[in-house]
Amino acid sequence: MFGSPISWRGDGKYFATLSGVSNSSSLKKRLKVWERDAGAVHASSEPKELMGSILEWMPSGAKIAAVCDRKAEEEGPSIVFYERNGLERSSFHIDEPTHATVELLKWNCSSDLLAAVVRSGNYDSVKIWFFNNNHWYLKHEIKYTRKDGVRFMWDPTKSQHLISWTLGGQVTVYKFIWVTAVMDDSTALVIDGSKILVTSLSLSLMPPTMYLFSLSFPTAVREMAFHSINGKNRLAALLSNGCLCVAELPMPDTWEELEGKEFSVEPCLSATSLGSFVHLIWLDSHVLLAVSHHGFNHSNCSFQTSSMEDRLLGFYLQEIELTCSEDNAPGLLTCSGWHATVSYQNLLEGLVMGIAPNPAKKCSAFVQFDGGQVFEYTSKLGINRRDLKHDEISFSSSCPWMNVVLVGVTEPSKLLFFGLDDMARLHVGRRMLCSNCSSFSFYCNLANNVITHLILATKQDLLFIVDISDILHKELELTYENFIHVGSKRREEENVNFINIWERGAKLVGVLHGEEAAVILQTNRGNLECIYPRKLVLASIVNALNQRRFRDALLMVRRHRIDFNVIVDYCGLQVFIQLASEFVRQVNNLSYITEFVCAIKSENLTQTLYKKFLSPPSCKEHNDLQANDFRGSDASLDSNNKVSSVLLALRRALEEQIPESPARVLCILTTLARSDPPALEEALERVKVIREMELLGSDDSRRKNCPSAEEALKHLLWLSDSEAVFEAALGLYDLNLAAIVALNSHRDPKEFLPFLQELERMPFLLMCYSIDLRLHRFEKALKHIVSAGDAYFADCMNLMKKNPQLFPLGLQLITDPTKRGQVLEALGDHLSDEKCFEDAAATYLCCSSLQKALKAYRECGNWSGVLTVAGLLKLEKDEVLQLAHDLCEELQALGKPGEAAKIALDYCGDINVGINLLISARDWEEALRVAFLHGREDLFSEVKNASLECAISLIDEYKEGLEKVGKYLARYLAVRQRRLLLAAKLQSEERLINDLDDDTASEASSTFSGMSVYTTGTRKSSAASTGSTLASKARDTRRQRSRGKIRPGSPGEEMALVEHLKGMSLTAGAKRELKSLLVSLVMIGNEETARKLQHVGENFQLSHMAAVRLAEDTMSNDSINEHAHTLERYLQKVKTEQQDLDAFSWRCRVFLSH
């Protein structure tokens, strides 16, 4: 019992032991699980032939691993897993002969890797397995000679660090990293022991452990490299025994024939030892570049090294040239006949972190050393350490994951160096791009193999699609928010830059390029998930549209459920209309075209739905030029009506490009039914032609290439509203067609037959008139009823009276003078009812209805027109005098004393009343002229006294206004200063507000926006701040009533003060009256009064203009400068800048002061 192995669970609560079965002569053992505290047996397993004393409890506590001896079954050992309750959960074979033994078994600290020392023959192998999708993959094997007595341990804190040592004192630390098994061309190559499982993900998304076919090797695979260019695919693999194997694969489109097959790959023939590879890439189709190490016990365990090779020690960068002695048969694999020769070898002075091929130059690569230094390697020349640009392409820290990509659509292209370090920091050269990246990949459109997007997954399980142009222009911080999702600030706004990965811990393993535009994720369980980010899908669609590959773009739109309108909106309306014929020719599928037609709408998706995804095409200027040419070439296409223009262009293209067939006719009917507005009458005309051919019983080819009239009509009814189609059939004045439409739309005959029968009994013109009235086609109805004859003139008049817009057409159609006069008089009555008295009076004059014309002029206050028409009526002098007195009184009541004065002087001859009215109108110069004209000194004195009183009153008003300007401005500046101080205080609390959830933040924002300058900042609860709808309406009503009032301390006081200041300006009428008063004062000899009035008025206007300008400037600033923002300073600016403007044209130059 004391020699039994013990393995503790991670938390120390349980431990497991192996013990023999009592009273049994077999070698079977039993696993027992013990409780630490009680010392009792918790569970026991069934007896099983377990090997040695190996027992290892997984650190996570889920499984207990032991080794099962299967010699009795003539098979090699297997590893068995038990649960805590002693039940066997699963097991797997280690693919070794029967005599093999397992010497050591260890889990890593994260419980995802299991390592063992397996002894077989003369070798001890360190094997590392990984569990995924219910399968144990042998991911790595390191062979040692048996005499080395290798042992190992996992680093207790770093899950992918393994430390091994030998009896000879050699200690090796292995730092493993996970790299994706999906290559750049979407080929998945999964290492599983001595096999490589091959799957083309572009053909089928096969999840592990499934695969398309497999490659079998003599021993376990340690390292591999894949090369694919121009359809040639080559795979190089380094085996655990130090051998190199090469296989050439056929074209990917023939791989479906290889499904389920297994191919054996033979090792390459090599005269020298290749060493043990750490890194391996292809430089060219026949050249490999590897970092190999020599001089270690496990480097060349299968080779007998020569004296020259014994001198090799350390890490070497070596080129390996490959030649094949066998011919490559199309469609078959070339798995043998390869020869490997080391053509160049260079001792490395430092530790290499990674190598990557140079996509811009053949036979060139980039080598990254420990610390992030990157140098270029050229075939046969070695590493160029004198390159002055290596600092620009190096990383700031060591990056085990390294990739070099070619970017830039325009020449010259540019290389970008991407590296991911152990701290999850993604670097672009020396610039850190993302601080929480878990994996990354790239997408290209395959047109020129230039990378267009970076795809990266973050530790927050977010998938970001990054435009390479944003990286080049360094616009990442604002656009992608540092690749960190901060809460849900914009919950309603779709984020176009990232996708939430639905399963925690899923990894980005590959990308399908070109039109596939897919991202492949692998979950922790091992399942593969393929997603199609909208940003990549739209990029591939745009790429196809730029290359004018309309069919490919349409297929992608259909496959990914993108709105069809993106094809039209991205190309541009006019450009697409020009290319409509090419679009139809390429698509050449009437079902697809019909689907496209039904989806067209007037909205421009590049400005709405896909605004953040799409940018304008690069050839925009060329497109605009084409559009300008197009506008002048075809006037029938309306550039403002997208739907009708596109469908008309498609209809013409269908007639030109597609042979005549029933499907084409139905597609054309679809374009007519989907037009805006629907062209149902034209569609029914086409159906009518088909029906007439059926009635004639013609057997010509045209009839055979058309659907039946019933099929065409049902198609039209399916696309459109049945009532609209019925009305369109009535609009053709074809009652039989209307009846057929009604029957096919399943309407009750009792609803439409009596109506159609009644129409059939009418004369043709009256039938058309009745149909037009039903369809509200009033212009056609008027034409038909006029054509019906004089007997229906009353109906004609009623129609025009009910629809006044028909009067102009009626005047054109009716030529009889008597009837035309009646139409004019009816039009005049309509204009009078509409309060358009001037137009009504002119209309009455046209039909000689002078009494109504006089009344209309009087209604609109046109006294000149009234008196003119009175002259046309030849009224008596007394009647004209009475009319003039009435007009004078009416004008005074309307507040027009100047016009009333003219009537009193010209028609009534009343000088006293005329002068008084001119004084009331403040027309001082005219009042003086009339007084002197009639030699009335009394009236002159009256005008003089009135002008002096007016001047004194204006002087007082301007002085009072000057004081108000200063008062309002001072109040405004005080209110503005307090509001700015409050805003600064609220801004200091912004951090607290941002931490609130969306609803609270919205409520707080609304509360702050309504604060006055006296608000202390205390926020009420949401319940208290929420009022009823009726209360809100009442408040809105009170605000409307009190608008214009200045309420001290209210939220609107600031704007009310500014608006009140602006409203104190001199109007044009006031300036005109002021100028007239100044001239009159000079005429009557009151020069000093005039000078004083002008001085006070000028000061008021200058102060007002300066105050308004000061208020506007402070409104746009976030601070008030007590020295700069003063009325005196702005008054000086206004005096120097605006003295000569029209605003001061009322002044007399004689009174100007210097």
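Residues numbered from 1 in each chain as written. Predicted model: local features only at pLDDT ≥ 70, side-chain atom pairs only at ≥ 80, totals over all residues. Heavy atoms only, no water.

Asker: Help me out: how do you make sense of the overall build of the protein chain in this one?
Answerer: Across its full length, the protein chain carries 40 helices and 42 strands. Buried residues in the protein chain amount to 47% of all 1154 residues. Contacts in the protein chain between residues far apart in sequence, at least 24 positions, make up 52% of those at least 6 positions apart. Total accessible area computed for the protein chain in this model is approximately 58,600 Å², and 50% of it derives from carbon and sulfur atoms. (Helix = DSSP H or I, 4+ residues; strand = E, 2+ residues; numbered from the N terminus. Buried < 20%, exposed > 50% of the residue type's maximum accessible area, 1.4 Å probe, protein only. Contact = heavy atoms within 4.5 Å. Areas by Shrake-Rupley, 256 points an atom, 1.4 Å probe, with all protein chains shown as cover.)

Asker: Sorry, what's going on with helix α29 (residues 897-908) here?
Answerer: Note on helix geometry: an α-helix contains 3.6 residues per turn, so any two residues three or four positions apart are oriented the same way. Where α29 is concerned, the buried positions are Pro897, Ala900, Ala901, Ile903, Ala904 and Cys908. With its buried residues spanning 160° around the axis, α29 presents them on a single face. Its buried side turned inward, α29 meets α27 (863-872), α28 (877-893) and α30 (911-920). (Arc of directions from axis to C-beta.)

Asker: Help me understand the packing of aromatic side chains, please; the structure alone is not making it clear to me.
Answerer: Within this structure, the stated rule accounts for 29 aromatic pairs. Geometrically, the ring pair formed by Tyr344 and Tyr377 is tilted, given 6.2 Å between the ring centres and 55° between the ring planes. Placement of Tyr344 in strand β27 (residues 338-347) and of Tyr377 in strand β30 (residues 374-378) is noted, with a sequence separation of 33 residues between them. You'll find Tyr344 and Tyr377 in the same group, each marked buried. For the ring pair Phe440 and Phe442, a centre distance of 5.7 Å and an interplane angle of 85° mean the geometry is edge-to-face. The buried category is assigned to Phe440, whose relative accessible area is 15%. Three or more aromatic residues joined by ring pairs form one cluster here, namely Phe81, Phe92, Trp107, Trp129, Phe131 and Trp136. Above the face of the Tyr123 ring, Lys143 is positioned so that its terminal group lies 5.5 Å from the ring centre. (Phe/Tyr/Trp six-rings, centres within 6.5 Å; stacked < 30°, edge-to-face > 60°. Lys NZ or Arg CZ within 6 Å of the ring centre and 35° of its normal.)

Asker: Just to check I follow, could you spell out the pattern of salt bridges for this structure?
Answerer: Inspection of every chain in the model, using the stated rule, returns 41 salt bridges. For Glu515, the salt bridge goes to Arg549, with nearest N and O atoms at 2.5 Å. Of this pair, Glu515 sits in the loop between β40 (507-512) and β41 (518-522) while Arg549 sits in the loop between α5 (534-546) and α6 (550-559), and the two are 34 residues apart along the sequence. Here Glu825 makes a salt bridge to Lys852, at a shortest N to O gap of 2.8 Å. With Glu825 in helix α24 (residues 817-833) and Lys852 in helix α26 (residues 850-859), this residue pair connects regions lying 27 residues apart in the sequence. Given a relative accessible area of 29%, Glu825 falls into the partly exposed group. (Salt bridge = Lys/Arg side-chain N within 4 Å of Asp/Glu carboxyl O.)

Asker: Looking at this structure, how should I read the nonpolar core?
Answerer: One recurring pattern in soluble globular proteins: nonpolar side chains tend to sit buried together. The biggest cluster of nonpolar side chains holds 98 residues, and the ones touching the most others in it are Leu782, Met800, Val823, Ile915, Tyr958, Leu1077 and Leu1093. Per element, the largest residue contribution to this core is 16 residues, and it comes from helix α32 (residues 937-988). Not counting residues up to four positions away in its chain, the partners in contact with Tyr958 are Leu1066, Leu1074, Leu1093, Val1096, Gly1097 and Phe1100. Counting residues in hydrophobic clusters, the runner-up holds 96 residues, among them Phe550, Leu573, Ala580 and Leu614. (Core = buried A, V, L, I, M, F, W, Y, C linked by side-chain atoms within 4.5 Å.)

Asker: Could you clarify how one ought to interpret the environment of Arg222 in this entry?
Answerer: Take Arg222: it is sitting in strand β19 (residues 221-229). A relative accessible area of 9% means that Arg222 is categorised as buried. As for Arg222 and His140, which are separated by 82 residues in sequence, their C-alpha atoms are 5.5 Å apart. Within the local environment of Arg222, its side chain forms a polar contact with the side chain of Ser276, the two groups lying 3.0 Å apart. (Polar contact = N/O pair within 3.5 Å; in protein donor to acceptor, adjacent residues only side chain to side chain.)

Asker: Can you walk me through the sheet that holds strand β8 (residues 88-93) in this structure?
Answerer: Within a sheet, neighbouring strands are paired by backbone hydrogen bonds and run either parallel or antiparallel to one another. Read from one edge of the open sheet, four strands run β5-β6-β7-β8, paired in antiparallel fashion. What marks the edges here is a single partner per strand, and that holds for β5 (50-57) and β8. The sheet shows a mean angle of 20° between the axes of neighbouring strands, taken without regard to direction. Of the strand pairs in this sheet, strand β7 (residues 78-82) and β8 are connected by five bridges, and their pairing is antiparallel. Residue pairing for β8: Ser78 is matched across the bridge by His93. (Pairing = 2+ DSSP bridges. Axes fitted to C-alpha atoms, helices over the stretch in contact; angles between N-to-C directions.)

Asker: In this structure, what is going on with a negative patch on the surface? I would like to understand it.
Answerer: A contiguous patch of negative charge, built from Asp253, Glu256, Glu257 and Glu259, is present on the exposed surface. Tracing the backbone through its elements, the reader meets Glu256 in the loop between β21 (244-249) and β22 (262-264). Judged by its relative accessible area of 54%, Glu256 falls in the exposed class. (Patch = residues over 30% accessible without salt bridge, like charges linked within 9 Å, V, L, I, M, F, W, Y side chains within 5 Å. Lys, Arg positive; Asp, Glu negative; His and termini not counted. Charge placed at Lys NZ, Arg CZ, Asp CG, Glu CD.)

Asker: Help me understand the pairing of strand β6 (residues 64-68), please; the structure alone is not making it clear to me.
Answerer: Both faces of the sheet carry side chains from a regular strand, because those side chains alternate between them. By the criterion of burial, β6 is predominantly enclosed, with five of the five residues buried. Covered by surrounding structure in β6 are Ile64, Ala66 and Cys68 together with Ala65 and Val67, the residues of both alternating faces. From the end of β5 to the start of β6, which pair antiparallel, there are six residues, and Gly61 there has a positive phi angle of about 90°. Pairing of β6 with β7, which is carried by five bridges, proceeds in the antiparallel orientation. Of the residues in β7, the one forming a bridge with Val67 is Ile79.

Asker: Looking at this structure, how should I read the environment of Ile668?
Answerer: Looking at the element boundaries, Ile668 is found in helix α13 (residues 662-673). The sequence separation of Ile668 and Leu648 amounts to 20 residues, and the corresponding C-alpha distance is 9.4 Å. Setting aside chain neighbours within four positions, we find Ile668 in contact with Arg651, Leu654, Glu655 and Arg686.

Asker: Can you walk me through the side chain of Gln318 in this structure?
Answerer: Examined against the element boundaries, Gln318 turns out to sit in strand β26 (residues 314-324). Under the relative-accessibility criterion, Gln318 is labelled buried at 0%. At a separation of 2.7 Å, a polar atom in the side chain of Gln318 contacts the side chain of Gln345. When residues no more than four places from it in sequence are discounted, the contact partners of Gln318 are Leu274, Phe277, Leu288, Leu289, Ala290, Ser292, His294, Val342, Tyr344 and Gln345.

Asker: I tried to follow the state of the cysteines on my own but got confused; where do I start?
Answerer: Going through the model one piece at a time under the given rule, you end up with zero disulfides. Counting only cysteine sulfurs, Cys268 is the nearest neighbor of Cys245, a cysteine outside any disulfide, at a range of 6.2 Å. Summary of cysteine pairing: Cys846 is not part of a disulfide, and the nearest cysteine sulfur, belonging to Cys847, is at 7.3 Å. Its relative accessible area of 58% is what places Cys846 among the exposed residues. (Disulfide = S-S within 2.5 Å.)

Asker: In this structure, what is going on with unusual backbone geometry? I would like to understand it.
Answerer: Note: most peptide bonds trans; most residues except glycine with negative phi. For the bond running from Pro208 to Thr209, omega is 10°, close enough to zero to count as cis. If you trace the backbone, Thr209 turns up in the loop between β17 (195-200) and β18 (213-216). Of note, the bond from Asp676 into Pro677 is cis; its omega dihedral lies within 30 degrees of zero at 0°. Position of Pro677 among the secondary structure elements: in the loop between α13 and α14 (680-696).

Asker: When you look at the side chain of His715 in this model, what are you seeing that I'm missing?
Answerer: Relative to the elements of secondary structure, His715 occurs in helix α16 (residues 709-719). On the accessibility criterion, His715 (17% relative accessible area) is buried. If we skip the residues at most four places from it in the chain, His715 touches Leu666, Leu669 and Thr670.

Asker: What exactly am I supposed to notice about the pairing of strand β35 (residues 431-434) here?
Answerer: With three bridges connecting them, strand β34 (residues 426-428) and β35 associate as antiparallel partners. Residue pairing in the sheet places Leu426 in a bridge with Cys434 of β35. Hairpin remark: β34 followed by β35, antiparallel, with two residues in the connecting loop; positive phi at Gly429, about 65°.

Asker: Please explain the confidence of the model for the protein chain as it appears in this structure.
Answerer: Any segment with low pLDDT has predicted coordinates that should not be analysed in fine detail. Looking at the protein chain, pLDDT values average 83 and 87% of them are 70 or higher. Residue range residues 618-633 is modelled with pLDDT below 50. Its contacts to residues more than four positions away, or to other chains, number 13 contacts. (pLDDT = per-residue confidence, 0-100.)

Asker: What should I look at first to understand the sheet that holds β19 in this one?
Answerer: The strand order β19-β20-β21 describes an open sheet built from three strands, whose pairing is antiparallel. Whereas interior strands pair on both sides, the edge strands pair on one side only; in this sheet they are β19 and β21. Averaged over all pairs of adjacent strands, the angle between their axes in this sheet comes to 15°, without regard to strand direction.

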